[in-house]
Amino acid sequence: MKEQERAGEALARQLYPEVPMAEVRKKREAAERAARPKELAPGHRCINGQTFRRVENGWVQVSSSCTP
């Protein structure tokens, strides 16, 4: 993974020499965080892109979408 990061940074240096590497790293890390699935609260599940909450007699849909 480190090799891929170094290769990407080398390419970024060639394509955008005026942009500081810290900014490139920050943007890459932000994109990785955005792509990660969000943590669900205890008792919640992601089913077909919708959030459901466990109740006593089954499941109730919560009004938010999720990423499985």
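Below you will find a few notes about this structure. (Residues numbered from 1 in each chain as written. Predicted model: local features only at pLDDT ≥ 70, side-chain atom pairs only at ≥ 80, totals over all residues. Heavy atoms only, no water.)

Thoughts on the overall build of the protein
Part 1 of the reasoning: Within the protein, the regular secondary structure consists of two helices and three strands.
Part 2 of the reasoning: What you see in the protein, going N to C, is helices and strands ordered as α-α-β-β-β.
Part 3 of the reasoning: In summary, the protein has a C-alpha radius of gyration of 19 Å against a globular reference of 11 Å for 68 residues, an excess of more than 25%.
Part 4 of the reasoning: The dimensions of the protein, computed from C-alpha atoms along their principal axes, are 60 × 20 × 20 Å.
Part 5 of the reasoning: By residue count, 13% of the 68 residues in the protein fall in the buried class.
Part 6 of the reasoning: When contacts within the protein are restricted to residue pairs at least 6 apart in sequence, long-range pairs at least 24 apart make up 7% of them.
Part 7 of the reasoning: For the protein, the exposed area adds up to about 5,900 Å²; of that, 53% sits on carbon and sulfur atoms.
Part 8 of the reasoning: Of note, the protein has its 13 positive side-chain charges centred 4 Å away from the centre of its 9 negative side-chain charges. (Helix = DSSP H or I, 4+ residues; strand = E, 2+ residues; numbered from the N terminus. Rg over C-alpha atoms; globule rule 2.2 N^0.38 Å. Buried < 20%, exposed > 50% of the residue type's maximum accessible area, 1.4 Å probe, protein only. Contact = heavy atoms within 4.5 Å. Areas by Shrake-Rupley, 256 points an atom, 1.4 Å probe, with all protein chains shown as cover. Lys, Arg positive; Asp, Glu negative; His and termini not counted. Charge placed at Lys NZ, Arg CZ, Asp CG, Glu CD.)

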